[in-house]
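# Descriptive analysis of the structure
Letter by letter, the chains look like this.
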Amino acid sequence: MRIPFNKPYTTGKEFGYISEAIDAGHLSGDGQFTMRCQKWLEERTGCKKALLTHSCTAALEMAAILADIQPGDEVIMPSYTFVSTANAFVLRGGVPVFVDIRPDTLNMDEMKMNRAVSSRTKAIVPVHYAGVACEMDAIMDVASRHNLIVIEDAAQGVMSSYKGRPLGSFGHMAALSFHETKNVICGEGGALLINDERFMERAEIIREKGTNRAQVFRGQADKYTWLDIGSSFLPSDILAAFLWAQMEEAGGITKRRLEVWNWYHEEYQELEKKGFLKRPVTPGDCCHNAHMYYVMLSDAAKRPALLESLKRAGIGAIFHYVPLHSSPAGLKYGKAAGDLAVTRSASERVIRLPLWVGLDRASVHEVVSATGAFFLR
Ligand SMILES: *Cc1c(COP(=O)(O)O)cnc(C)c1O
């Protein structure tokens, strides 16, 4: 692809920090760079505790254990999301209850959430699509009325905020991703943010194979022992060293992505006016991180031909989520709350466009021109 969909950005400091980690002689988890990254997350989001994990998927799996999801417990989430949002809970025997999305932000429709609550509901997992916040006030309100645990899937939400507060700071817990397709990256990586103190101690234990290793390490316990279920969820300090280089530059990365996002937004205005597509909507309360630029085609039937035509022009445009509620595993393990008409329609019309640090204005212009040429030919 001449203009690839994604091109992982590196700051140039990654190798230096990795050497430092090697020189420090601590290659396993929870070394100095892990501590630096976790402190950065705690300071940035105000969470009580941040724990680096292998992935956002791993952080969601930890959250499902911490929320004590038991077989048959229902977990409310959108169908328009990545598989890990659901899988993490299904692994504990939980039942995803899929709620429709809003037509403007493609986030879970908070107005349709109430109807999905039952006596078996244990948790809500809002997903901040494209780094644009869900209506967290409404979601937290439903959660507190029904005594539910909220776990934000903030995989795409690093550096975004809602009403001035960072994403990941609203729920009892939140999961972030540092996968190479996200904004701040280390190849594969993630973090669990904990805002509710009651989960702090157990989170450390679950992450360390069910042991009190972290406490022994800090001198808070003298016997290393097996206490609980768990797994190995902590990444090597070498990866944390890579990630630290990115965190240091997170402000600059966001600024440069926003610049590209704004070029698209300006250039696609014309095609929106002509009725061929709709541009993304960002509610006034949301400050986003330019994780993604997508457009919604007015005519879903045109999507395969448009993607093919962009591909022939060397442009890496792609579609996004296939709804989970109608997927083979979704039908087996989950259930739909209503007919999810907006999810079905939106998922057939979304096209995601190349967006990465270093993508220049001329390329953005070319992508938009190629889209226009398809419709106007
Ligand atoms: C990327 C993503 C994930 C998974 O992240 P990994 O770090 O690859 O496990 C989960 N949920 C959403 C919404 C995502 O975008």
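This text follows the structure it describes.
Residues numbered from 1 in each chain as written. Predicted model: local features only at pLDDT ≥ 70, side-chain atom pairs only at ≥ 80, totals over all residues. Heavy atoms only, no water.

The final tally for this structure, using the stated rule, is 12 aromatic pairs. Relative to tyrosine 321, the ring of tyrosine 80 lies with its centre 5.2 Å away and its plane at 75°, an arrangement referred to as edge-to-face. Pair noted here: tyrosine 80 is in the loop between β2 (74-78) and α4 (83-90) and tyrosine 321 is in the loop between α11 (303-312) and α12 (328-333), with a separation of 241 residues, a long-range link. When its relative accessible area of 11% is taken as the criterion, tyrosine 321 is described as buried. Ring centres of phenylalanine 374 and phenylalanine 375 lie 5.3 Å apart, and the angle between their planes is 80°; on these two criteria the pair is classed as edge-to-face. (Phe/Tyr/Trp six-rings, centres within 6.5 Å; stacked < 30°, edge-to-face > 60°. Helix = DSSP H or I, 4+ residues; strand = E, 2+ residues; numbered from the N terminus. Buried < 20%, exposed > 50% of the residue type's maximum accessible area, 1.4 Å probe, protein only.)

Take the packing of helix α1 (residues 14-24) against helix α2 (residues 32-45) next. Between α1 and α2, the least distance of the axes is 9 Å, while the angle of their chain directions is 130°. Relative to α2, the element α1 lies oblique. Within the contact between the two elements, α1 uses Tyr17, Glu20, Ala21 and Ala24 and α2 uses Gln32, Phe33 and Arg36. Taken together, the residues that form the contact of α1 with α2 break down as four nonpolar, one polar and two charged. (Axes fitted to C-alpha atoms, helices over the stretch in contact; angles between N-to-C directions. Parallel < 35°, antiparallel > 145°, perpendicular 65-115°, else oblique. Contact = heavy atoms within 4.5 Å. Nonpolar A, V, L, I, M, F, W, Y, C, P; charged D, E, K, R; others polar.)

Moving on to empty space enclosed by the protein. Where empty space is left becomes clear once a probe the size of a water molecule has been rolled over the atoms. Counted under the stated rule, the structure contains six cavities of 30 Å³ or more. For the largest cavity, the calculated volume is near 80 Å³. If you go around the largest cavity, the residues you meet are Phe5, Asn6, Thr181, Arg257, His291, Met292, Tyr293, Arg352, Leu353 and Leu355. Partitioning the lining of the largest cavity into residue classes produces five nonpolar, three polar and two charged. (1 Å grid on protein atoms, 1.4 Å probe; cavity = no way out; pocket = protein on both sides within 12 Å on 5 of 7 lines; lining within 4 Å. Points joined across faces, edges and corners; volume = space filled by probe spheres on them.)

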